[in-house]
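Okay, here's what each chain looks like letter by letter:
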Amino acid sequence: MSMKRFGKAAYRIANEVLARNTIIRLWWPRIFPISHNLGAHVVLRNAGNAGRQTTFRLTKLIARNGRIFRPFSSILIEKNRLANNKNLLKHRKFHPVFAKRPAKYADFLARIRKLFGENARYNEDLRAAEMPRRIDEYEFGEFLGQGCNAAVYEAKLAGENGNSRGIGGGFNEVTEILRKNSRRPSSDMEFRMNKYPLAIKLMFNYDHDKSGENHLWETMGNELAAYPKALQLIKNGHFGTSTNFQPLPKKHPNIVRITTAFIDTLKILPDAVERYPDALHTARWYEAITATPKTMYIVMRRYRQTLHDYVWTHHRNYWTGRVMMAQLMEACTYLHENCVAQRDMKSDNILLHYDYEDEIPQLVIADFGCALATGSWLVDYPHEDIYLGGNRRTRAPEILAARPGPRQQVDFELADTWAAGGLSYEILTRTNPFYKQFDAETYNEQELPILPKRVHFVARQVVEDLLKREKKQRIRPNIAANALNLSLFRMGEDVKSMLEKCGISKLSTILAPSRKEGKIGAKMEEGLDKVIGLITAETIVGNLAPHLITRAERQLRATFLSRLNRDDIWKSLQYFFPTENTVNNHLDSMDSGSIATLVSSFATSSAESQENLKIEPKKIFKPQVIRTDSTGILQRIRSK
Ligand SMILES: Nc1ncnc2c1ncn2[C@@H]1O[C@H](COP(=O)(O)OP(=O)(O)OP(=O)(O)O)[C@@H](O)[C@H]1O
């Protein structure tokens, strides 16, 4: 094997590596030790300079017996092992190779985040489909619904037979195959959903006298706050001067899926005159109308039903309700992370997708026409004409309490989170107390209806904390989403005892904010890793065997696992160990005895949990099927 073509220098470095018995780390998935005694040659190729660092790529490794190993990926050679070599450094031929393992692999939770956040197997959203941007490329079907600003119709691509682009198709490879195996649709609705997989929102353009497109982008552009490619439209010169518009940066499984948007000539559909005459350029406007009336079209994935209709047409099922609540909170978390407020959180704007009547629906927040997406939660409120979104029934107490005046501002940070509390009532009891019973400006928290006892205690507490009048006391959406997600773990009998078996107790959740280093902190993190490890294992198994966990739940778990954060999870775990006093009070009152108890609980729990963890995998493969009885109440049936 000639080393010449890789250059003398590379050869020297290779020997240097071997001489020092260096561990060469293949990025993933193996750790590959090479020793001098092995007499191996490492073949390195200069892969480029980044600043003062030179990186090398391992292209071949030749063992003494002549076997050639080809690595899967790059190598990293530890800086400190080469840093001492004066000869190498003196000639400045080589700067030691940058050696740190990238942070993204460093932490167990980070690896899980990456797996679920970047892998299309767990996240169908990562698959993209480009859609045409001309109205005559689409064929319209029946009318789906209408609001003050738009009418929505079912649609498909002209000339295509149904869902050939896989919009809203299978969740992963397995369900994709099942979908393609052309099972006969079980209902008319399913048939239509397959035939017309899209929904087109035809915006009402009341400015009959204005020509051009800019005014349409400016007045209707807000609708695109949920469309990550909206900024490209801005770059293409649309949106006029509104440069502070900041739409969501990525798709999210619980935010309405917009596939494209465009402006084109107004299409007059057969029912248009009857349904929305004022939005048409009829003879009434003959003096003002422009030559080619246009409007904005928003092409979306088609959903099956609104939340408002669903709760009145389906039996109440508290497990399903909790999955829907968790999805709603995931959507709020994503909006919150990206500083976007939807500001019209009513059940008509929550859309659901499901294939079978008893399937747990996938839930999305839709209709961003009232959204605040300027990169700030604050809106100046100098006079009453400033629009504060939605209607009075869905506005948070702090929005209703705001009074206009000089230097007055309204803060929308937790407005959607508050509204999600009312929607949770609607999911669990069919009735949102703020639609009729209570006024959001004046209600008393203690007087809110008590949720049924069969609702999980974590969900009950989360709803209570979402509807706190005081913004500071209100639960953050990510903490609410975490608590609900954790409560949906299926393995074993109940989540609380699973947490305890992993070494997590009331005391550890109390101590969590002050854990950092030391033995206790390490043990606590170990316990948390076990919990997350079990949830991850259950999710992966569930994904391979789709009958175990429903599609919406698997997607929910992938979303949750792709945004794990230790501090937040610890906060959410407090919901499983409710306490009368605040966390701080507990910390104050903790003595050395209780800390000792905690340490010993770790010692026993870790031994116990090893035992438990050994037997748990059997449970994974023993499917627990979730079914509903005739009253819609959830039953867990362990299959024999
Ligand atoms: N993607 C979709 N799939 C199926 N139906 C939809 C979809 N989007 C909207 N709809 C239906 O159309 C109705 C009206 O849509 P939307 O709420 O977006 O209109 P709007 O004019 O913006 O309403 P509002 O008056 O609340 O502002 C919805 O309530 C729903 O029934």
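Criteria and thresholds
Residues numbered from 1 in each chain as written. Predicted model: local features only at pLDDT ≥ 70, side-chain atom pairs only at ≥ 80, totals over all residues. Heavy atoms only, no water. UniProt positions renumbered as here; feature names shortened; annotations may be inferred. Near = heavy atom within 4 Å. Polar contact = N/O pair within 3.5 Å; in protein donor to acceptor, adjacent residues only side chain to side chain. Areas by Shrake-Rupley, 256 points an atom, 1.4 Å probe, with all protein chains shown as cover. Helix = DSSP H or I, 4+ residues; strand = E, 2+ residues; numbered from the N terminus. Nonpolar A, V, L, I, M, F, W, Y, C, P; charged D, E, K, R; others polar. Salt bridge = Lys/Arg side-chain N within 4 Å of Asp/Glu carboxyl O. Buried < 20%, exposed > 50% of the residue type's maximum accessible area, 1.4 Å probe, protein only. Phe/Tyr/Trp six-rings, centres within 6.5 Å; stacked < 30°, edge-to-face > 60°. Lys NZ or Arg CZ within 6 Å of the ring centre and 35° of its normal. Core = buried A, V, L, I, M, F, W, Y, C linked by side-chain atoms within 4.5 Å. Contact = heavy atoms within 4.5 Å.

As recorded in an unreviewed UniProt entry, the protein chain goes by non-specific serine/threonine protein kinase and comes from Caenorhabditis angaria. In its Cofactor (unreviewed entry) section, the UniProt record describing the protein chain reads: "Mg(2+)".

Caption draft 1: Highlighting the site of the ligand. As a structural note, the neighbourhood of the ligand is formed by 21 residues, with Cys148, Asn149, Lys201, Arg301 and Lys346 the closest of them. Here glycine 147 contributes a backbone N or O atom positioned 3.5 Å from an oxygen atom of the ligand. In the environment of the ligand, an oxygen atom lies 3.0 Å from a nitrogen or oxygen atom belonging to the side chain of aspartate 367. Here the ligand, which alone exposes 630 Å², has 89% of that area covered by the protein. Among the elements of the structure, β7 (138–146), β8 (150–157), β9 (198–203) and β11 (294–301) are those that each provide at least two residues to the shell around the ligand. Here the residues of the shell around the ligand are counted per class, giving eight nonpolar, six polar and seven charged.

Caption draft 2: Quick look at the pattern of salt bridges. Considering all chains together, one arrives at 21 salt bridges under this definition. Glutamate 538 is the partner of arginine 557 in a salt bridge, and the nearest nitrogen-oxygen pair spans 2.5 Å. Taken together, the residues span a long stretch of sequence, with arginine 557 in helix α20 (residues 551–561) and glutamate 538 in helix α19 (residues 518–544) at a distance of 19 residues. The exposure class assigned to arginine 557 is buried, which follows from its relative accessible area of 5%.

Caption draft 3: Spotlight on the packing of aromatic side chains. Going through the model one piece at a time under the given rule, you end up with 12 aromatic pairs. Taken together, a centroid distance of 6.1 Å and an interplanar angle of 65° make the contact between phenylalanine 204 and tyrosine 206 edge-to-face. Under the relative-accessibility criterion, tyrosine 206 is labelled partly exposed at 43%. Aromatic side chains phenylalanine 434 and tyrosine 443 sit 4.9 Å apart centroid to centroid with 75° between the ring planes, which places their arrangement in the edge-to-face category. The residues phenylalanine 434 and tyrosine 443 share a single accessibility class, namely buried. Among the aromatic residues, those joined into a cluster by ring pairs are Trp418, Phe434, Phe438 and Tyr443. Sitting over the face of the ring of phenylalanine 143, arginine 275 holds its NZ or CZ atom 3.6 Å from the ring centroid. Directly above the ring of phenylalanine 412 sits arginine 343, whose terminal nitrogen or CZ lies 4.8 Å from the centroid.

Caption draft 4: Region of interest: the nonpolar core. The biggest cluster of nonpolar side chains holds 124 residues, and the ones touching the most others in it are Phe368 and Val462. No other element matches helix α12 (residues 318–337), which puts 12 residues into this core. With near-sequence residues (within four places) excluded, phenylalanine 368 lies in contact with Asn222, Glu223, Ala225, Ala226, Ile255, Val256, Leu335, Val340 and Gln342. Counting 21 residues, the second largest nonpolar core, distinct from the first, contains Met131, Ala151, Phe204 and Val299.

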